[in-house]
Each structure stands twice: as structure tokens, then as C-alpha cells.
Amino acid sequence: MPTGKVFSEDPIHQPLVHVKRIELLRNVCRDAVLRNLSHTTVSKFVLDRIFVCDKHKILFCQTPKVGNTQWKKVLIVLNGAFSSIDEIPENIVHDHEKNGLPRLSSFSDSEIQKRLNLYFKFFIVRDPFERLISAFKDKFVHNPRFEPWYRHEIAPGIIRKYRKNHTETRGLQFEDFVRYLGDPNHRWLDVQFGDHIIHWVTYVELCAPCEIMYNVIGHHETLEDDAPYILKEAGIDHLVSYPTIPPGITVYNKTKVERYFSGISKRDIRRLYARFEGDFKLFGYQEPDFLLN
């Protein structure tokens, strides 16, 4: 697992973790073998994921299911739409007409380039398989934000194409989801699902980390240390603080990962890993041997 805890008492060493993360990222980006898994084009899809705070010269790439809502709130406050995080109504955070957070895609090419070159850029990652479990639970099991299309449109599309036993009538199962994600031809369905795929595509596809030179990559597992560090590096720690992190919420839960993958064939897990290997390698997450062998 990515470490970060070791240095929390000693702020002098804190940046070392971050230097190493960026170093690892750059090395993996140069690895020709992983090229197809680590590189992408800085398309409109990527530019749509990046939120802009011009006032403080910050770009934040959204990686859903990694505690992004809180970072969006931080930026909304910095942009001046609300004076404190507590004042922002939940329904405003994800309403891009009202939250005062422009996307990088809304600027002209030269303005985009200028911001990419000059602004402080960051995003957050977590263990890739744990993120997929979180996306599955959030969109297809609990669906707390009431987004009926996940269950009524996306789930049936995945079931039709990937469920082995067609007499099985239950809703989308994790096994169906894994089979869809690990299919080398997943794009056929992705196109139909549109931007909803942001909850489960790779970090590479979302943020183009080998094309865009990010300043800091935070890890969900060490967020208690990383959040204050990001605020400090971005020069905004005196203006806003990251909302309190409930204890235990960011810890990697191997038991949960094992439970979710327990009924899934090794072939399907290997295919899934083959797609997400770039994310594991770029950000220093250990290959989940306990699932693959």
C-alpha cells in the first residue's frame, strides 16, 4: 500500500512521499510496455473532468468515488460562490450550472494551454479495485442521490451482454459489472452510457496523468496527511480547510475487496486487472495477488 503515515509527525519529510509519487508516475509513463495503459489524449472528455479556480490558479481533476465532493466544496468556496463549506447545499455541489466551478473544457485552446502550464494541478486516487466496489455500491446498490438511470438503463445493458445465466433475474451483480469492465470491447457499451462511465473508467482515461504534469497526487488512504499538504502547496491553507475526515473511512479494506471478488472467476479478475494495471502501477498500488493467483 502507498505509505504516507510514516512521516505525519515530521513535516520536513512529508514532501518526500510526494516527490516519490511523482517520480514513480514519470517512470511508469516512460515504460514502453505499459504505454497503452498509461497514455491517453487530452480530449474534451479529460478537459470536462478538470475544474478551474482562476482566482487562486488551481486545476482539480475529478476522480469519482475518491472523496471528490469535498474537494469540489473547497473550490466552490475559493471561487467565492459561498463563504463556507457548511453553507453549500448538497444539491448544488454537483449542479454545474449553479456551483460556480467552470470546467477546463469551457475555455479556448490557448486559455486551456495557459492554465495547464501555469496553474497548480492535482487529483486524488485510491486502490483501483476498491474504487470499483465503491462505484458499484453507490450507483447500482444504494444509489443515494436517486439517479434511476443507473438501475433502469445502464444495469440492463450490462446484464444483457455479460450475464452468463439468463434465467437469473436479480439486478446487476458485481460479477456482471466486472465482466463488462474487463471486456477489451467495453467501449461499445461505454458510448451508449455517455459520461456516466466516469465512475468506473481508469484514472488514466479521466485525468491523463502522463500528458498533464500534475503537481501533487493525493492518496485516499493517506488523506489525513495529503489534504493539508495539498492546501499548503496550492497556497490556500490560510483560506479554507478540508472537511473533517471520519475516522477509518480512508483505510484500505482488504477483507471487503476479498469478499466482493470471492465468487468471481480468476479469468474475469485477470481481465479486469489487465485493464486497470496502468492505474495500479502509475500510483504505486500493489498488484492484488490474493485475487489473481
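As a reminder, the structure under discussion sits directly above these lines.
Procedures and definitions
Residues numbered from 1 in each chain as written. Predicted model: local features only at pLDDT ≥ 70, side-chain atom pairs only at ≥ 80, totals over all residues. Heavy atoms only, no water. Helix = DSSP H or I, 4+ residues; strand = E, 2+ residues; numbered from the N terminus. Rg over C-alpha atoms; globule rule 2.2 N^0.38 Å. Buried < 20%, exposed > 50% of the residue type's maximum accessible area, 1.4 Å probe, protein only. Contact = heavy atoms within 4.5 Å. Areas by Shrake-Rupley, 256 points an atom, 1.4 Å probe, with all protein chains shown as cover. Lys, Arg positive; Asp, Glu negative; His and termini not counted. Charge placed at Lys NZ, Arg CZ, Asp CG, Glu CD. Pairing = 2+ DSSP bridges. 1 Å grid on protein atoms, 1.4 Å probe; cavity = no way out; pocket = protein on both sides within 12 Å on 5 of 7 lines; lining within 4 Å. Points joined across faces, edges and corners; volume = space filled by probe spheres on them. Axes fitted to C-alpha atoms, helices over the stretch in contact; angles between N-to-C directions. Parallel < 35°, antiparallel > 145°, perpendicular 65-115°, else oblique. Nonpolar A, V, L, I, M, F, W, Y, C, P; charged D, E, K, R; others polar. Disulfide = S-S within 2.5 Å. Salt bridge = Lys/Arg side-chain N within 4 Å of Asp/Glu carboxyl O.

Student: So what's going on with the overall build of the protein? Which residues, and what values?
Tutor: The secondary structure content of the protein amounts to 15 helices and four strands. For 293 residues, the compact-globule formula gives about 19 Å, and the C-alpha radius of gyration of the protein, at 19 Å, lands near that figure. Across the 293 residues in the protein, those meeting the buried criterion constitute 52%. For the protein, restricting intrachain contacts to residue pairs at least 6 apart in sequence, the fraction spanning at least 24 positions comes to 70%. Surface summary for the protein: the accessible area is close to 14,100 Å², and the carbon and sulfur share equals 53%. Averaging the positions of the 41 positive and the 38 negative side-chain charges in the protein gives two centres separated by 4 Å.

Student: Got a sec to walk through the pairing of strand β3 (residues 120-125)? Specific residues and values, please.
Tutor: Among the six residues of β3, six are classified as buried, and the element is accordingly described as predominantly covered. Burial along β3 is two-sided: the residues Phe120, Phe122 and Ile124 and Lys121, Phe123 and Val125 are all buried. Strand direction decides the pairing type here: strand β2 (residues 58-61) and β3, joined by three bridges, are parallel. Bridge pairing in β3 places leucine 59 opposite lysine 121. Across four bridges, the pairing between β3 and strand β4 (residues 216-219) is parallel. Opposite phenylalanine 122, over in β4, you have valine 216 as the bridge partner.

Student: I'd like to hear about the layout of surface pockets, residue by residue, with values.
Tutor: Of the pockets and cavities examined, the largest pocket occupies roughly 1,100 Å³. Lining the largest pocket are 40 residues, with Lys65, Gly67, Thr69, Asp138 and Arg145 positioned closest to its centre. Those elements that provide at least two residues to the lining of the largest pocket are α3 (44-49), α4 (68-78), α7 (128-142) and α8 (149-162). Per element, the largest residue contribution to the lining of the largest pocket is five residues, and it comes from α4. Of the volumes computed, that of the second largest pocket is approximately 290 Å³. Lining the second largest pocket are 15 residues; nearest its centre among them are Asn36, Leu37, His186, Arg187 and Arg275.

Student: Tell me about the packing of α7 against helix α14 (residues 266-282), and name the residues and values.
Tutor: Where α7 contacts α14, the two axes come as close as 10 Å, and the packing angle between them is 115 degrees. Between α7 and α14, the crossing angle belongs to the class labelled roughly perpendicular. When α7 is examined against α14, the residues Pro128, Phe129 and Leu132 are found in contact with a partner set consisting of Ile269, Leu272, Tyr273, Phe276, Asp279 and Phe280. For the contact of α7 with α14, the class distribution of residues is eight nonpolar, no polar and one charged.

Student: Lay out the side chain of arginine 26 in plain terms, naming residues and giving numbers.
Tutor: Counting through the fold element by element, arginine 26 comes out in helix α1 (residues 14-30). Apart from residues no more than four positions distant in its own chain, arginine 26 is found in contact with Pro209, Ile212, Met213 and Tyr214.

Student: Give a description of unusual backbone geometry that names residues and reports values.
Tutor: Positioned with a positive phi, lysine 57 is a non-glycine residue whose angle comes to about 55 degrees. Assignment of secondary structure puts lysine 57 in the loop between β1 (50-53) and β2. For lysine 57, a relative accessible area of 46% corresponds to the partly exposed category.

Student: Could you give an account of the state of the cysteines, naming the residues involved and the relevant values?
Tutor: Tallying each qualifying case throughout the model produces two disulfides. Covalently, cysteine 29 is tied to cysteine 210 through a disulfide, its sulfur atoms 2.0 Å apart. As the torsion about the S-S bond is roughly -90 degrees, the cysteine 29-cysteine 210 disulfide counts as left-handed. Within this pair, whereas cysteine 29 is found in helix α1, its partner cysteine 210 is found in the loop between α11 (203-207) and β4, the two being separated by 181 residues in sequence. Summarising the burial analysis for this pair, cysteine 29 and cysteine 210 share the class buried. For the protein, the disulfide bridges join cysteines in the arrangement 1-4, 2-3, where the cysteines are counted in sequence order. Cysteine 53 forms no disulfide, and the closest cysteine sulfur to it belongs to cysteine 61, at a distance of 16 Å.

Student: Which residues make up the pattern of salt bridges, and what values do they have?
Tutor: Tallied over the entire structure, the rule returns 22 salt bridges. For glutamate 111, the salt bridge identified is with lysine 114, shortest N-O distance 3.3 Å. Of this pair, glutamate 111 and lysine 114 both sit in helix α6 (residues 109-118), three residues apart, roughly one helical turn. For glutamate 111, a relative accessible area of 28% gives the class partly exposed. Taking the shortest distance from any N to any O, the salt bridge between lysine 281 and glutamate 277 comes out at 2.7 Å. Here lysine 281 and its partner glutamate 277 are both found in helix α14, four residues apart, which amounts to about one turn of the helix.

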